[in-house]
Amino acid sequence: NLLDNAFNHEDTAYSVFNMDSLLTMMNTMNDMMSSLLAGIASIALVVGGIGIMNMMLVSVTERTKEIGVLRAIGASKRNVSNMFNAETVMIGFAAGTLGVLVTKLLCIPINLILHLLTNIPNLSAILPWQVAVILVGISVVLTLFAGIIPSNSAANKDPVVALRTE
């Protein structure tokens, strides 16, 4: 009799899961997965920003003589800073565009697998063009932010000292 009550859908007091608890559990799992993915994405953004900053600092170090020549012929600190900022914007635009293109290409096999596994023709992974534009913009802004310190260090180099470096 107890076993019959456990599978009786009208009397939920003895059932293992009712719809409310199942929905609550699914929402909790969804929130946990969203938080986990947001944390991983945040770490990836910080690591990427540090990588871009490191690359631009190496570029500044390697081009010290060029900075000295620019400053010696009359380029202002702002001109030198803008030159490095333009480079970081181009890097961010190229990286963001490459990321969007790779995502668009990955949607093709993902959609094939989804359709084969689920037999649901309307279920598709897509990247709307508005979201793609926003992602490229975020990439540009993040690389520009990561390039601020290197561009300021390039602008503040003394032209005489910069020209003496080998």
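Owing to the predicted nature of the structure, the values given are computational and were not obtained by experimental measurement.

Thresholds, definitions, all that
Residues numbered from 1 in each chain as written. Predicted model: local features only at pLDDT ≥ 70, side-chain atom pairs only at ≥ 80, totals over all residues. Heavy atoms only, no water. Salt bridge = Lys/Arg side-chain N within 4 Å of Asp/Glu carboxyl O. Buried < 20%, exposed > 50% of the residue type's maximum accessible area, 1.4 Å probe, protein only. Helix = DSSP H or I, 4+ residues; strand = E, 2+ residues; numbered from the N terminus. Axes fitted to C-alpha atoms, helices over the stretch in contact; angles between N-to-C directions. Parallel < 35°, antiparallel > 145°, perpendicular 65-115°, else oblique. Left-handed = near helix turned anticlockwise from the far one by under 90°. Contact = heavy atoms within 4.5 Å. Nonpolar A, V, L, I, M, F, W, Y, C, P; charged D, E, K, R; others polar.

**Student:** How would you summarise the pattern of salt bridges if you had to cite specific residues and measurements?
**Tutor:** Taken as a whole, this structure holds two salt bridges when the rule is applied. As a salt-bridge pair, R63 and E66 come within 3.1 Å of each other at their nearest N and O atoms. The class of R63 is buried, set by a relative accessible area of 19%. The salt bridge partner of R63 is E87, with a shortest N-O separation of 2.7 Å. With a gap of 24 residues between them, R63 in the loop between α2 (19–62) and α3 (64–72) and E87 in helix α4 (residues 77–118) connect regions that are remote in the sequence. A network of salt bridges, in which partner residues are shared, links R63, E66 and E87.

**Student:** Please set out the packing of α2 against α4 residue by residue, giving values where relevant.
**Tutor:** One can describe the packing of α2 onto α4 by two numbers: an axis separation of 12 Å at closest approach and a directional angle of 140 degrees. Considering their axes alone, α2 and α4 lie oblique with respect to each other. The handedness of the crossing between α2 and α4 is right-handed. When α2 is examined against α4, the residues M55, M56, S59 and V60 are found in contact with a partner set consisting of F84, E87, T88 and I91. Grouping the amino acids of the contact of α2 with α4 by side-chain chemistry returns five nonpolar, two polar and one charged.

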